[in-house]
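Read off the chains here:
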Amino acid sequence: MAGVSCVLLLNSSEGNSDPQILENLMKKLELLGAQKCGRIHIESAVYFSNFARSQCKTFQVLTSTEYPASCFVFSDNQTALVADISFREFPGCLKAFYQRKKKLQVEAKGIKYQLGDFTINFITIFMGQSASVKGYLIEVCFHASCMIHLCRDVLKAFITQVLPDICPPANSSTEHIFSPSFLQAVETGTFDAPRWPPSQLTFPVENNFLQDDSPLSHVCVRLTMTQYAEHINVVRRLSRQSVNTPSTLSTNGSSSYATPSNIPSNQANKNIPSNYST
């Protein structure tokens, strides 16, 4: 079902990396009447160029059980591609030019809950062949609308009231848990770069819900997967840095991996409003 999603990366500096917090949040949702409605599985592979002068030095390929017929490709030169699921096999034909880093392969597994017009996904991240947990993601989706700029306050209110353990109300320092692409989208009301045609409704809306194949729903899907890509890149970067330098989970840091945002990585912080708090 179409809707606007916000993907959150838990901040280990605030004690939110404990797996117990996910169990507590799920129990709280069940007390509020939420029902389990399935599972979610996301995979992300990253490829590095064999040539230093390549215009595209890295790109990552994401797949999700939420969109079983599609895969999503994000490169470091600000290119985003939505392709058929069979495209995930295509990089294997480019072994002379790009190599997949198996140690940076990410697998994310989670449980889905339904609560009214909201779906909440609790996801655990694993990397490479290691069984140790590398991070946690929580996706909150509001299904009643695909108007991104109109869903900001609804999502923020739901997250701060239902999930206060990870996003306390009236805390001005909570914007770091949101990805730059989400903050940009809720401020501008869109996600596509100017080169994309504007997303408009071209058919009647039935029962106040948008069709799953509407242009607006396509924008929301790209925004959702871009948030996952951004957060997964942060986990990859911090996983490599943790050997030498202690770090905290933050989406504001620079990354050497493919940046899926429509804005340059060196301008990402400029799109994060200082007043994004309850």
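Residues numbered from 1 in each chain as written. Predicted model: local features only at pLDDT ≥ 70, side-chain atom pairs only at ≥ 80, totals over all residues. Heavy atoms only, no water.

## What to know about the overall build of the protein chain
Then comes step 1: Of regular secondary structure, the protein chain possesses 4 helices and 9 strands.
Then comes step 2: Per-residue burial for the protein chain yields a buried fraction of 49% across its 278 residues.
Then comes step 3: Of the contacts made within the protein chain by residues no fewer than 6 positions apart, 66% connect residues no fewer than 24 positions apart.
Then comes step 4: Accessible surface, the protein chain as shown: approximately 13,500 Å² in total, 52% of it carbon and sulfur. (Helix = DSSP H or I, 4+ residues; strand = E, 2+ residues; numbered from the N terminus. Buried < 20%, exposed > 50% of the residue type's maximum accessible area, 1.4 Å probe, protein only. Contact = heavy atoms within 4.5 Å. Areas by Shrake-Rupley, 256 points an atom, 1.4 Å probe, with all protein chains shown as cover.)

## Some thoughts on the environment of Thr226
Then comes step 1: Mapped onto the fold, Thr226 is located in helix 4 (residues 215-241).
Then comes step 2: Overall, the relative accessible area of 1% leaves Thr226 in the buried class.
Then comes step 3: In the structure, Thr226 is positioned 44 residues away from Phe182 in sequence and 8.8 Å away in space, judged by C-alpha atoms.

## A word on the confidence of the model for the protein chain
Then comes step 1: On average, residues of the protein chain score 75 in pLDDT, and 70% of them reach the 70 mark or higher.
Then comes step 2: The weakest mean pLDDT in the protein chain belongs to helix 3 (residues 180-188) at 81; the strongest belongs to strand 7 (residues 106-115) at 94.
Then comes step 3: Across residues 12-16, confidence stays below pLDDT 50; counting only partners more than four residues off in sequence or on other chains, it has 12 contacts.
Then comes step 4: Predicted confidence is poor over residues 261-278, with pLDDT under 50, and the contacts of this stretch with residues over four places away or in other chains come to 42 contacts. (pLDDT = per-residue confidence, 0-100.)

## Some remarks on the pairing of strand 5 (residues 80-84)
Then comes step 1: By the bridge criterion, 5 bridges tie strand 4 (residues 70-75) to strand 5 in an arrangement that is antiparallel. In the sheet register, Val73 faces strand 5, and the bridge partner there is Leu81.
Then comes step 2: Hairpin connection of strand 4 to strand 5: 4 residues between the antiparallel strands, including Gln78 at a positive phi of 70°. (Pairing = 2+ DSSP bridges.)

## Topic: the side chain of Ser181
Then comes step 1: Along the polypeptide, Ser181 turns up in helix 3.
Then comes step 2: The class for Ser181 is buried, based on a relative accessible area of 0%.
Then comes step 3: Within the structure, the side chain of Ser181 is placed 3.2 Å from the side chain of Ser179, a separation counted as a polar contact.
Then comes step 4: At 3.1 Å, the side chain of Ser181 and the side chain of Glu230 are in polar contact. (Polar contact = N/O pair within 3.5 Å; in protein donor to acceptor, adjacent residues only side chain to side chain.)

## With respect to helix 3
Then comes step 1: Of all 9 residues that make up helix 3, 7 are buried, and the element is covered over most of its length.
Then comes step 2: Restricting attention to buried positions, one finds in helix 3 the residues Pro180, Ser181, Phe182, Leu183, Gln184, Ala185 and Val186.

## Description of the nonpolar core
Side chains of a nonpolar character, in soluble globular proteins, are inclined to be buried together.
Then comes step 1: Membership of the largest hydrophobic core comes to 39 residues, with the highest contact counts inside it found for Ile120, Phe122, Ile138, Val140 and Leu155.
Then comes step 2: Those elements that provide at least two residues to this core are strand 1 (4-9), helix 1 (20-31), strand 7, strand 8 (118-127), strand 9 (133-142), helix 2 (148-162), helix 3 and helix 4.
Then comes step 3: Of the residues forming this core, the biggest block, 6 residues, is contributed by helix 2.
Then comes step 4: Membership of the second largest hydrophobic core comes to 23 residues, among which are Leu104, Tyr228, Val234 and Val235. (Core = buried A, V, L, I, M, F, W, Y, C linked by side-chain atoms within 4.5 Å.)

## Let's talk about the pattern of salt bridges
Then comes step 1: The final tally for this structure, using the stated rule, is 3 salt bridges.
Then comes step 2: The residue Glu66 makes a salt bridge to Lys112 at a minimum N-O spacing of 3.0 Å. One end of the pair, Glu66, is in the loop between strand 3 (58-64) and strand 4; the other, Lys112, is in strand 7, and 46 residues separate them in sequence.
Then comes step 3: A salt bridge links Glu89 to Arg88; the nearest nitrogen and oxygen atoms lie 3.8 Å apart.
Then comes step 4: Residue classification places Arg88 among the partly exposed positions, given a relative accessible area of 39%. (Salt bridge = Lys/Arg side-chain N within 4 Å of Asp/Glu carboxyl O.)

## Some remarks on the pairing of strand 9
Then comes step 1: Where burial is concerned, most of strand 9 is hidden: 8 out of the 10 residues are buried.
Then comes step 2: The hairpin turn running from strand 8 into strand 9, its antiparallel successor, is 5 residues long, and Gly128 in that turn takes a positive phi close to 60°.

## As for helix 2
Then comes step 1: The end-to-end C-alpha separation of helix 2 is 20 Å, in line with the 21 Å expected for 15 residues at 1.5 Å each.
Then comes step 2: Here helix 2 has its buried residues at Ile148, Cys151, Arg152, Leu155, Lys156, Phe158, Ile159, Thr160 and Val162. (Expected span 1.5 Å × (residues − 1).)

## Topic: the environment of Arg152
Then comes step 1: Within the secondary structure, Arg152 is located in helix 2.
Then comes step 2: Overall, Arg152 belongs to the buried group, its relative accessible area being 14%.
Then comes step 3: Put simply, Arg152 and Leu183 are 31 residues apart on the chain and 9.1 Å apart in space, counted from C-alpha to C-alpha.

## With respect to the packing of aromatic side chains
Then comes step 1: In the structure shown here, the tally under the stated rule is 8 aromatic pairs.
Then comes step 2: Seen in terms of ring centroids, Tyr67 and Phe72 are 5.8 Å apart; in terms of plane orientation they differ by 70°. Their pairing is edge-to-face.
Then comes step 3: Following the ring pairs from residue to residue traces out a cluster consisting of Tyr47, Phe59 and Tyr98.
Then comes step 4: One residue, Lys101, lies across the ring of Phe48, its end atom 5.7 Å from the ring centre. (Phe/Tyr/Trp six-rings, centres within 6.5 Å; stacked < 30°, edge-to-face > 60°. Lys NZ or Arg CZ within 6 Å of the ring centre and 35° of its normal.)

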